Structure formats: C-alpha cells, structure tokens
Amino acid sequence: MSAADHVDSLEAQVDQWRSYLRRRQAIHTVDVAELEDHLREQIAALVDAGLAADEAFLVAMKRMGNLDALSREFAREHSDRLWKQLVVVPSEAGDARGWARTDGIVAFCLAVAAAVLIKVPTLFGMDLDQDAGFYARNVSLFVLPLLTGYFVWKRGLAASTVRWLAGAFIAAAVFANVYPVAPLGYTERLMALHLPIALWLVVGIAYAGGRWRQGGGRMDFIRFTGELFIYYVLIALGGGVFTAFMALIFQAIDIDVERFFQSWLLPCGAAGAVLIASWLVEAKQSVIENMAPVLTKLFTPLFAALLVTFLGTVLWTGRGVDIERNVLIAFDLLLVVVLGLLLYSVSARDPRSPPGVFDVLQVVLVVSALLADAVALWAIASRISEFGFTPNRVAALGENVILLVNLAWSAVLYLRFLRKRGSFTELERWQTNYIPVYAVWAAIVVIAFPPLFGYI
Amino acid sequence: MEISKDLMAASSTPIVLAILAEGDSYGYAILQRVRELSGGRIEWTDGMLYPVLHRLERLGHVEARWEVAETGRRRKYYRITSEGRAQLAEERRQWQAVDATLRGIWQVLSVSIPATQPPSAAPLPQGA
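Given the structure is predicted, the values throughout are model-derived calculations rather than measurements.

Regarding the nonpolar core
Phase 1: Within the largest apolar cluster, 95 residues are counted, with the highest numbers of intra-cluster contacts made by Leu147 and Leu275 of chain A.
Phase 2: Among the elements that make up this core, the one with the highest residue count is helix α13 (residues 327-348) of chain A (12 residues).
Phase 3: Sequence-distant contacts of Leu147 of chain A, defined by excluding residues within four places in its chain, comprise Trp200, Val203, Val274, Leu275 and Ser278 of chain A.
Phase 4: Judged by nonpolar contacts, the second largest core, of 39 residues, contains Ile27 and Leu70 of chain A together with Val62 and Ile80 of chain B.

Right under this line is the structure:
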C-alpha cells in the first residue's frame with residue numbers, strides 16, 4: 001500500500017466517522033468540526049510517534065470515547081437540541097443555511113405580496129363589505145397563484161409546466177368573474193366554496209414538481225395539505241390572541257380598532273399566513289414529527305366509537321334520519337373527516353408492516369361511516385322529489401357520491417389487506433389516484449352549475 | 001490510575017479553567033496539558049472534554065472563537081473570561097479547603113494506625 005492509499009483510506013475512515021457523528025441529534029455540525037480537528041491532531045501526533053495511519057485512527061477513535069456516551073454527554077449539556085428547533089435551521093452549515101435563509105426571505109416576500117394583493121381591488125373602488133361576493137369568488141385567486149409561484153421557484157419547474165399552471169389560473173379567473181350570478185345567491189356561494197378546491201390541484205402539481213405522476217409525489221402533497229392545515233389553524237389561533245390584545249390595549253386609550261382589524265389585519269393576515277404556513281411546513285418537514293398522523297391516531301378510535309354507537313342507536317330505537325336542509329351537508333362533512341382520518345393514517349403508515357389492531361379500527365371506522373351515510377342517503381332518496389333539485393343539494397349529493405365511492409373501495413382494499421389478499425400499497429395508490437376526482441368535480445361545480453341553474 | 005467519575009466531573013472545571021488561565025487554548029492542547037500536569041495519572045476520555053468546555057461557555061466562564069490553525073483546519077479556541085477567573089478563584093478556595101481537611105485526616109490516620117493501613121489507600125493523598 002502506498003502512502004497515498006493510506007491517506008485515502010484515512011480520509012474515508014474520517015468521513016465515515018463524521019457522518020456517523022452527524023446523525024446524532026445532540027451533536028451539531030460545528031461540534032463535529034471541533035471534534036474532527038481534535039481527532040486529526042491526535043492522529044497526526046500518533047503518526048509522528050511511529051504508528052501507521054489506520055492504527056493511529058483506531059487509537060484516536062478509542063481515546064475519543066464511546067460515541068453513545070459522548071452524545072449522551074452532549075445531550076445533557078445541550079438538552080435544548082433534543083427539542084428540534086423549528087424556524088431557525090442552525091444545524092446546517094454554509095450553503096444549506098444560506099439556502100434556508102433565501103427560502104425564508106422568498107416566502108416572506110410572497111406573503112407580503114399576498115397581503116398587498118388582497119387589498120389591490122380597494123384601489124378600484126371595491127370594498128370587502130359591499131363587494132363580498134366578488135371577494136368570495138376570487139379569494140383563492142389572490143393567494144394560490146403566489147403559493148404556486150413559491151413552489152415553481154422552489155422546485156425550479158420547467159417553463160412548459162408553468163404555462164399550464166398559469167393557464168389554469170387565468171381560466172379560473174375568467175370563470176369566476178364572467179357569469180352574471182345573483183349576488184350572494186346559491187351558485188355564487190357554490191363557486192366560492194369550490195374554486196379553491198379545484199385550484200388546490202394546481203398548487204399540488206406545482207408542489208409535487210416533476211413527481212405529480214408518481215404516487216409518492218401526490219402522497220407528499222396529501223401530507224403537505226394536512227400539515228399546512230394544522231399550521232394555519234395554529235397561526236390563526238395566535239393571530240386571534242394577538243388581535244384580542246390589540247383590541248384590549250387600544251380600548252384602554254379609547255380607540256376602536258375594529259375597522260382596522262376587519263379591513264386590513266384580518267384579510268391581509270389570512271392571505272399572508274397561507275404562504276408563511278406553507279413555508280413552515282416545507283422548512284420543518286424533516287425537523288419535527290408530522291402532526292396530522294398523530295391527531296389521526298388520537299381521533300380514529302373516538303370517531304369509530306361515535307359512529308358505531310350512532311348506528312347501534314339507530315338500529316335499537318328504529319329512529320329514521322330526520323331530514324332537514326343541512327343533513328346532507330352534515331353527512332358530507334362526516335365523510336370528509338373520515339376520509340381525512342383514513343388518508344393521514346395511510347400517509348404515515350409503513351406499507352410493509354403487517355396488519356395490526358389500528359388497521360382493524362380503521363376498517364370499523366370506514367365501514368360504520370359508510371353505513372351511517374347509507375342510512376342518510378336512503379332517507380334523502382325517498383324524499384328527493386319532494387325537495388327538488390337545488391344547486392346546493394345537487395352539489396352536496398355529488399360530493400357524497402364521490403366520497404362514498406372512495407371510502408367503499410378503500411374499505412374493500414383495506415379488508416383485502418387485512419385478510420392478506422392484497423398489499424397496503426394498493427390502498428395508497430387508490431387514494432393518490434383519486435385526488436384529481438375531487439378537483440374535477442369542484443371544477444364542474446364552478447363551471448357548469450351557474451349556467452345549469454340559471455345563475456340563481 | 002482510575003479516578004472515579006464523580007471526582008473527575010468535579011475536578012474538570014477548575015482544571016480546565018486553570019489551564020485556560022495560563023493562556024488561550026483548544027481542546028487537544030488542553031488535554032495534552034492535563035496529561036502533562038498530572039504526569040499521566042489523569043486520563044480523560046478525549047471527547048468528554050468538549051461538553052465540559054461547552055458548559056463553561058454557556059455559563060460565561062470561557063469564550064470561544066474559531067480560527068484557522070497552522071494546519072489549515074478551522075479550530076475552536078477558548079479564552080477564560082473575568083467571570084471565569086472569579087469562578088476559578090472560588091473553586092480554588094473550595095478545593096483548598098477540601099485538600100486541607102483531607103491532609104489533616106490522612107496525617108492523623110498515618111500516625112495512629114500505620115500498620116493496618118491498606119496499601120491501596122496510600123497513593124490517594126497525592127491523587128487528591
């Protein structure tokens with residue numbers, strides 16, 4: 001072996017040692033650099049004393065001490081490091097840190113842009129109160145293009161993809177504004193509700209970058225959506241506390257901030273928070289355990305118990321479902337929640353692990369939700385002619401069917417998996433392939449419903 | 001010679017501070033100095049020095065800075081602060097008190113029962 005080979009193998013050994021050390025949470029990159037300097041100095045001294053490089057490495061390693069014990073000592077001294085830090089990304093050195101900072105700055109600028117954009121119509125004489133319909137229809141168009149832009153920048157999407165995404169937003173803007181819908185009528189409300197759902201797919205395509213065609217890319221988007229929702233709720237709660245304090249202290253000097261809150265703080269904050277929350281989800285995805293699966297684990301048993309009890313009560317007492325106006329919406333929402341619980345437990349599950357108790361629970365949840373929904377649908381179907389087909393009812397019915405189909409087939413796939421006749425991946429694939437269906441239905445509601453129902 | 005973990009932990013602060021009071025230094029050199037001063041009787045596990053240094057840094061007893069060493073590698077140097085010197089003086093008082101007490105009792109023991117003295121206890125006064 002030549003001297004150069006010795007140096008090479010020594011470098012390889014040090015590299016390996018360094019990467020091993022880096023995996024320790026309590027030992028940061030700067031500490032690794034400090035320890036490496038020590039190790040190299042020790043090796044040099046031992047080589048001077050006549051040892052071969054690899055022998056010197058072994059002795060120096062031994063003197064450095066057991067790495068588990070060492071990282072325990074570091075953890076004791078730096079216990080804060082075990083609490084993974086969120087916004088600051090201190091463990092990455094050099095390039096990575098610069099990148100994280102640029103990322104943060106871009107996200108912040110886009111958040112400010114969203115906050116400004118939502119106030120731009122004011123320049124043209126629009127008012128949040130008087131033109132609530134305009135705002136309701138267009139609200140997603142103020143925020144989602146910027147969010148899409150963020151991912152376009154971050155993922156470095158090709159110009160051809162960007163053209164498609166931009167085309168989708170332009171089409172959405174046209175459809176949202178050309179129809180002569182009645183102010184605050186049924187179809188306008190439906191458009192306001194469904195446009196964000198349809199456009200969320202566009203965000204998803206940008207989010208997944210080139211991976212939208214792969215199941216993994218779409219699954220990541222599902223995860224992102226769940227985490228974003230949780231972060232957004234947290235930010236909204238913080239914003240609520242902030243606003244309460246603002247109102248309180250200004251009340252003390254007899255100034256009413258309500259006007260400022262309604263026309264500036266709330267719309268601008270709500271728009272900007274979408275960007276900030278997305279950036280946080282992106283920045284922390286490798287830092288903290290995802291929250292959505294944790295909540296899923298907590299609430300799946302509760303919802304399963306609730307639904308089983310409900311079905312039991314229906315059977316026992318023989319009560320029919322009391323058909324009110326909102327019962328269909330209530331059951332739609334129930335299916336959405338159940339689907340969410342299913343999705344986020346699917347997203348966090350290792351597809352290779354064998355079926356467990358939680359999987360059985362999941363199937364109980366899905367099947368009982370299907371039965372409960374069937375009871376409601378049965379009641380509605382028998383009286384639908386009496387009620388007539390309003391746009392709301394048709395939209396709600398359509399959603400119910402879409403969710404029902406998804407959950408029914410999911411239940412079949414899950415049962416197959418439990419009986420070891422199929423793999424968990426099939427269920428994952430079914431869920432990720434189904435994503436466009438929601439968006440397509442939402443697009444149909446936005447585009448076809450207003451003319452179909454005479455713009456009421 | 002094996003020195004107990006607790007004693008090692010307790011003595012590491014004054015030893016490191018005292019070495020830094022001689023002049024700015026870095027991890028490897030501090031360990032060399034410890035070996036030299038103790039005549040090889042105190043052997044720290046090398047890595048364990050660093051959590052100690054970081055604790056002293058957090059407490060404000062030492063300051064750290066990165067410099068490029070003559071080898072071309074970046075190296076973290078430590079310097080004792082004025083609080084560190086005050087802490088060293090305080091530690092010194094405490095250790096002198098312990099040392100004086102032990103010396104007193106060793107002397108009494110060696111005078112009254114020299115014959116039954118177990119041989120392993122003999123080197124302890126120097127070690128402490």
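Concerning the sheet that holds strand β3 (residues 74-80) of chain B
Residues and elements named next belong to chain B.
Phase 1: The 3 strands lie next to each other as β1-β3-β2, forming an open sheet whose pairing is antiparallel. On the outer flanks of this sheet lie β1 (25-26) and β2 (62-68), each paired with one strand and no other.
Phase 2: Where β1 and β3 come together, 2 bridges link them in antiparallel fashion. Bridging from a neighbouring strand, Ser25 pairs with Tyr78 of β3.
Phase 3: Along the sheet, helix α1 (residues 5-22) makes contact with β1, β2 and β3, crossing β3 at roughly 95 degrees.
Phase 4: Against the sheet, helix α3 (residues 49-59) contacts β2 and β3, and its axis sits at roughly 55 degrees relative to β3.

With respect to the packing of helix α4 (residues 67-77) of chain A against α3 of chain B
Phase 1: One way to put it is that α4 of chain A packs onto α3 of chain B with a least axis distance of 9 Å and a crossing angle of 10 degrees. By the angle between their axes, α4 of chain A is roughly parallel relative to α3 of chain B. Of α3 of chain B, the residues touching α4 of chain A (which contributes Glu73, Phe74 and Glu77 of chain A) are Tyr50, Pro51, His54, Arg55 and Arg58 of chain B.
Phase 2: Residue composition of the contact of α4 of chain A with α3 of chain B, grouped by class: 3 nonpolar, 1 polar and 4 charged.

Section: the interface of chain A and chain B
Phase 1: Counting residues at the interface gives 20 residues for chain A, matched by 20 residues for chain B.
Phase 2: Overall, the association of chain A and chain B removes approximately 1900 Å² of surface from exposure, summing both partners, and the carbon and sulfur fraction of that is 55%.
Phase 3: The largest per-residue losses of area from chain A upon contact with chain B belong to Glu34, His38 and Glu77 of chain A, which jointly make up 34% of the total buried on that side.
Phase 4: At the junction of chain A with chain B, the criterion picks out 4 salt bridges.
Phase 5: In this structure, the connection of chain A to chain B is made through 12 residue pairs in polar contact (both at pLDDT 80 or more).
Phase 6: At the level of secondary structure, the elements contributing two or more residues to the side of chain A that touches chain B comprise α2 (29-48), α3 (53-64) and α4 of chain A.
Phase 7: Ranked by residues supplied to the side of chain A that touches chain B, first place goes to α2 of chain A with 11 residues.
Phase 8: Residue classes in the side of chain A that touches chain B are distributed as 8 nonpolar, 4 polar and 8 charged.

Remarks on the pairing of β2 of chain B
Residues and elements named next belong to chain B.
Phase 1: The sheet contact formed by β2 and β3 spans 7 bridges and is antiparallel. Opposite Ala64, over in β3, you have Tyr78 as the bridge partner.
Phase 2: The turn joining β2 and β3, which pair antiparallel and follow one another in sequence, is formed by 5 residues; a positive phi near 95 degrees is taken by Gly72.

Side note on the pattern of salt bridges
Phase 1: Here the structure, examined in full by the defined rule, presents 26 salt bridges over all chains.
Phase 2: The salt bridge partner of Arg18 of chain A is Glu36 of chain A, with a shortest N-O separation of 2.7 Å. Highlighted residues: Arg18 of chain A in helix α1 (residues 3-22) and Glu36 of chain A in helix α2, separated in sequence by 18 residues. Accessibility assignment for this pair places Arg18 of chain A and Glu36 of chain A in one class, buried.
Phase 3: Across the pair Arg65 of chain B and Glu67 of chain B runs a salt bridge, and its minimum N-O distance is 2.6 Å.

Observations concerning the confidence of the model for chain A
Phase 1: Taken residue by residue, chain A gives an average pLDDT of 85. The fraction at 70 or more is 91%.
Phase 2: Confidence drops under pLDDT 50 across residues 86-93 of chain A; counting only partners more than four residues distant or on other chains, this segment forms 12 contacts.

Looking at the packing of aromatic side chains
Residue and element names in this part refer to chain A.
Phase 1: Per the stated rule, a full pass over the model turns up 23 aromatic pairs over all chains.
Phase 2: With centroids separated by 6.3 Å and ring planes inclined at 25 degrees, the aromatic side chains of Phe221 and Phe224 adopt a geometry described as stacked. On the criterion of helical spacing, the pair formed by Phe221 and Phe224 is a turn pair, its members being 3 residues apart in helix α10 (residues 215-252).
Phase 3: Using a relative accessible area of 3% as the deciding quantity, one classes Phe221 as buried.
Phase 4: You can call Phe224 buried: its relative accessible area is 1%.

Focus: the side chain of Glu36 of chain A
Phase 1: In this structure Glu36 of chain A comes out as buried when scored by relative accessible area, which is 13%.
Phase 2: Ignoring anything within four residues of it in the chain, the contact list for Glu36 of chain A reads Val14, Trp17 and Arg18 of chain A.

Concerning the environment of Ala172 of chain A
Phase 1: Residue position: Ala172 of chain A is located in helix α8 (residues 159-178).
Phase 2: C-alpha separation for the pair Ala172 of chain A and Leu195 of chain A, spaced 23 residues apart in sequence, amounts to 7.6 Å.

Here is what the cut-offs are and how they apply
- Counting restarts for each chain: residues are numbered from 1 in the order of the written sequence.
- The naming scheme follows written order: chains are lettered A onward, ligands numbered 1 onward.
- In keeping with the model being predicted, local features are shown solely for residues with a pLDDT of at least 70 and side-chain atom pairs are shown and tallied solely at 80 or more, while totals for entire chains, interfaces and linings include all residues.
- To get the side-chain values, all heavy atoms of the structure are used, and hydrogens and water are removed first.
- Side-chain atoms within 4.5 Å link the members of a nonpolar core, which is a set of buried Ala, Val, Leu, Ile, Met, Phe, Trp, Tyr and Cys residues.
- Whether a residue is buried, partly exposed or exposed follows from its accessible area with a 1.4 Å probe, protein chains only, as a fraction of its type maximum: under 20%, in between, or over 50%, in that order.
- Per the convention used, a helix needs a DSSP run of H or I reaching at least four residues, while a strand needs a run of E reaching at least two, with both numbered from the N terminus.
- Whether two residues touch is decided by their heavy atoms; if any such pair falls within 4.5 Å, the residues are in contact.
- Any two strands with at least two DSSP bridges between them are considered paired.
- Between the N-to-C directions of two axes lies an angle of 0 to 180 degrees, each axis being a line fitted to C-alpha atoms and, for a helix, fitted only over the stretch in contact.
- The cut-offs work like this: below 35 degrees is roughly parallel, past 145 is roughly antiparallel, 65 to 115 is roughly perpendicular, and the gaps in between are oblique.
- In this classification, Asp, Glu, Lys and Arg are treated as charged, Ala, Val, Leu, Ile, Met, Phe, Trp, Tyr, Cys and Pro as nonpolar, and every other residue, Gly included, as polar.
- Note on terms: buried area is the combined drop in 1.4 Å-probe accessible area of two parts once they are placed together, counting the loss on both.
- Take a side-chain nitrogen of Lys or Arg and a carboxyl oxygen of Asp or Glu: if they are within 4 Å of each other, that pair is a salt bridge.
- Here a polar contact is recorded for every N or O atom pair within 3.5 Å, except that within protein the pair must consist of a potential hydrogen donor and a potential acceptor, and residues adjacent in sequence are included only if both atoms are side-chain atoms.
- A residue's pLDDT is simply how confident the predictor is in it, with values from 0 to 100.
- Think of it this way: a Phe, Tyr or Trp ring, Trp meaning its six-membered ring, pairs with another when their centres are within 6.5 Å, and the plane angle makes it stacked under 30 degrees, edge-to-face over 60, tilted otherwise.

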